[in-house]
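Descriptive analysis of the structure
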Amino acid sequence: MVGYEYKPFIQGMDVSFMDEIEQHGGHYYDENGRAQDLLVMLKDNHVNAVRLRIWNDPQGGFCNLERTVAVAKRIKKQGMQFLLDFHYSDRWADPANQWKPAAWEKLSYEELQRAVCMYTADVLRELKEHDALPYMVQVGNEITPGMLWSEGRVDGEHNTDEQWEQFAGLVKYGIAAVKSVDPDIQVMIHIDRGGDAAASRQFYDRFEALGVEYDTIGLSFYPWWHGTLEALRDNMNELAERYRKDIIVVETAYPWTLEQLMEHEWIFNQEEQLLPGYPATVEGQRRYLEDLLRILREVPDNRGVGFYYWEPAWIPSKHEWSVGHPNNWGNLTMFDFKGRKLDSFSALLPVYSI
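Residues numbered from 1 in each chain as written. Predicted model: local features only at pLDDT ≥ 70, side-chain atom pairs only at ≥ 80, totals over all residues. Heavy atoms only, no water.

1. Comments concerning the sheet that holds strand 9 (residues 246-252)
Rules: Two strands are said to pair when DSSP picks up at least two bridges between them. Under the scheme used here, helices are H or I runs from DSSP no shorter than 4 residues and strands are E runs no shorter than 2 residues, and both carry numbers assigned from the N terminus. Axes here refer to lines fitted to C-alpha atoms; in helices the fit is confined to the stretch in contact. Angles between the N-to-C directions go from 0 to 180 degrees. Note on contacts: a residue pair qualifies if any of its non-hydrogen atoms lie within 4.5 Å across the two residues.
If you walk around this closed barrel you meet the 8 strands as 1-4-5-6-7-8-9-10, and the pairing is parallel. With direction set aside, neighbouring strand axes in the sheet form an average angle of 25 degrees. Bridge analysis of strand 8 (residues 216-221) against strand 9 gives 6 bridges, and the strand direction is parallel. By the bridge assignment for strand 9, Leu219 is matched with Val249. In the packing of helix 3 (residues 65-77) onto the sheet, contacts are made with strand 4 (49-54) and strand 5 (81-86), and the angle to strand 4 comes to roughly 175 degrees. Packed on one face of the sheet, helix 8 (residues 229-243) meets strand 8 and strand 9 and runs near 170 degrees to strand 8.

What follows is the structure in structure tokens.
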């Protein structure tokens, strides 16, 4: 077809905890019980992209620049593409937490803009030096309420024109830094409202009015927080037609069991949280992924370009309490509690490399 640009479908995984688990003796196993490098196993099971988060100065040292470079080189060695997720924080950035890194807490707004620009560019230059540059970058993580609070906060009483202008200004400095290192790197703007069309429209309308130039819409979609698959479908279809941008469901997950482990309290732990027709079994998880893939492929104009499963390999491990990351996700992975690959990987289809 004349004018058609082929876009390989992304079947991605966020494995940011992999490094930490491996360094503390964790292992992953294929369906035959053989220990394997996780990235090799993912590639062998039709995963073609990996997402990593980066924190400025995190407790424990994982997900910092040094460790990100090391893992990114492994991703590139496997021939998979790499999505880098800037949190612009020393810890989790999400709709309830968008706190500045400690080193930036006393900066003025103008100094904060420069810090975003310099830090973003420095990280990407370091990755480029090691031939580990990402193909796509998120400028912020789940930034529905803004980022770098309070200067970039836009929720509640902070939902004012002035605050939105400040927020957009911070994002623009991050985007400019990305493009200054390599203009071919794609920029994603990521919010958490996969099943909420009104909130998604309100956010991206604001960014359009404020002249924020980006390439891809990123949505988190966890059914127990964000609604039904039908709501996700309707939202993506509307976003594709309204903004003419590619869309990635950049975070999603579904449980394979409700079994509890001692000393763990899963974030998903009740039958009432399940979608009808999708039980908390390996088969239910596989069916969820199959239907998610179908909905993405049906987005108008081929704008649904893929997904990333959030932390499919965050298996329970002995060290997690000491590093401050107690695992509340172990029944939402795609590996069992002992690190054995689940059959839900069969939902993934053979895809060409990106």
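2. Brief notes about empty space enclosed by the protein
Defined as follows: Points on a 1 Å grid over protein atoms alone make up a cavity when a 1.4 Å probe fits among them but cannot get out, and a pocket when they form an open set with protein on both sides within 12 Å along at least five of seven lines; lining residues each have an atom within 4 Å of a point. Grid points are joined across faces, edges and corners, and a volume is the space filled by probe spheres set on the points. Under this grouping Gly is polar, as are all residues other than the nonpolar Ala, Val, Leu, Ile, Met, Phe, Trp, Tyr, Cys and Pro and the charged Asp, Glu, Lys and Arg.
Applying the stated criterion across every chain, the model contains 1 cavity of 30 Å³ or more. Quantified by volume, the largest cavity comes out at close to 80 Å³. Lining the largest cavity, in full, are Val15, Ser16, Met18, Asp19, Leu52, Arg53, Cys63, Arg67, Thr68 and Val71. For the lining of the largest cavity, the secondary-structure elements that each account for two or more residues are helix 1 (18-23), strand 4 and helix 3. In terms of residue count, helix 3 provides more of the lining of the largest cavity than any other element does, 3 residues in total. Per-class residue counts for the lining of the largest cavity are 5 nonpolar, 2 polar and 3 charged.

3. A short note on the pairing of strand 1 (residues 10-14)
Inclusion rule: Partly exposed describes any residue whose relative accessible area lies between the buried limit of under 20% and the exposed limit of over 50%, with all areas from a 1.4 Å probe on protein chains only and scaled to the type maximum.
The buried fraction of strand 1 is high, at 5 of 5 residues. Sheet topology note: the strand 1/strand 10 (residues 304-310) ladder contains 5 bridges and is parallel. Within strand 10, the position partnered with Ile10 by the bridge is Gly306. As judged from the 3 bridges shared by strand 1 and strand 4, these two strands associate in the parallel manner. By the bridge assignment for strand 4, Asp14 is matched with Arg51.

4. Considering the nonpolar core
What counts, and what does not: Side-chain atoms within 4.5 Å are what join buried Ala, Val, Leu, Ile, Met, Phe, Trp, Tyr and Cys residues into a set we call a nonpolar core.
Leu124, Leu127, Val171 and Tyr204 are the most contacted members of the largest nonpolar core, which totals 100 residues. The contacts of Leu127, once residues within four sequence positions are left out, are Thr68, Val69, Ala72, Phe82, Leu84, Ala132, Leu133 and Pro134. Within the second largest apolar cluster, 10 residues are counted, among which are Ile10, Ala49, Leu83 and Val250.

5. Here we look at the packing of helix 6 (residues 197-209) against helix 8
The following threshold applies: Roughly parallel means an angle under 35 degrees; roughly antiparallel, over 145; roughly perpendicular, 65 to 115; everything else is oblique. What makes a crossing left-handed is the near helix being turned counterclockwise from the far one by less than a right angle; a clockwise turn instead makes it right-handed.
It is at 10 Å that the axes of helix 6 and helix 8 come closest, and there the two elements cross at 20 degrees. When the axes of helix 6 and helix 8 are compared, the pair comes out roughly parallel. When the axes of helix 6 and helix 8 are compared, the crossing they make is right-handed. Only Asn235, Glu238, Leu239, Arg242 and Tyr243 of helix 8 make contact with helix 6, whose side of the interface consists of Ala197, Ser200, Arg201, Tyr204, Asp205 and Glu208. Class assignment for the residues of the contact of helix 6 with helix 8 results in 4 nonpolar, 2 polar and 5 charged.

6. Let's talk about unusual backbone geometry
At the junction of Trp149 and Ser150, the peptide bond is cis and its omega measures out at 5 degrees in the coordinates. For Ser150, the position within the fold is in the loop between strand 6 (136-139) and helix 5 (161-181). For Cys63, which is not glycine, the phi dihedral falls at a positive 70 degrees. Locating Cys63 in the fold gives a position in the loop between strand 4 and helix 3. Positive phi, normally seen in glycine, also occurs at Asp301, with a value near 60 degrees. Along the chain, Asp301 falls in the loop between helix 9 (282-297) and strand 10.

7. Comments concerning the environment of Glu283
Note the cut-off: In protein, a polar contact means a hydrogen-donor-capable atom and an acceptor-capable atom, both N or O and within 3.5 Å, with residues adjacent in sequence counting only if both atoms are side-chain atoms; elsewhere, any N or O pair within 3.5 Å suffices.
Relative to the helices and strands, Glu283 resides in helix 9. Take Glu283: its relative accessible area is 34%, and that puts it in the partly exposed class. Between the C-alpha atom of Glu283 and that of Asp90, which follows or precedes it by 193 residues, the distance is 37 Å. Side-chain polar atoms of Glu283 contact the side chain of Arg286, separated by 2.4 Å.

8. Looking at the pattern of salt bridges
Cut-off, in case you're wondering: Counted as salt bridges are all cases of a side-chain nitrogen of Lys or Arg within 4 Å of a carboxyl oxygen of Asp or Glu.
Across all of its chains, the model carries 27 salt bridges by this definition. A salt bridge links Asp291 to Arg294; the shortest N-O distance between them is 3.9 Å. A residue pair is termed a helical-turn pair when its members lie 3 or 4 positions apart in one helix, as Asp291 and Arg294 do in helix 9 at 3 residues. For Arg294, a relative accessible area of 42% puts it in the partly exposed group. When the shortest N-O distance is used, the salt bridge between Arg294 and Glu298 registers 3.7 Å.

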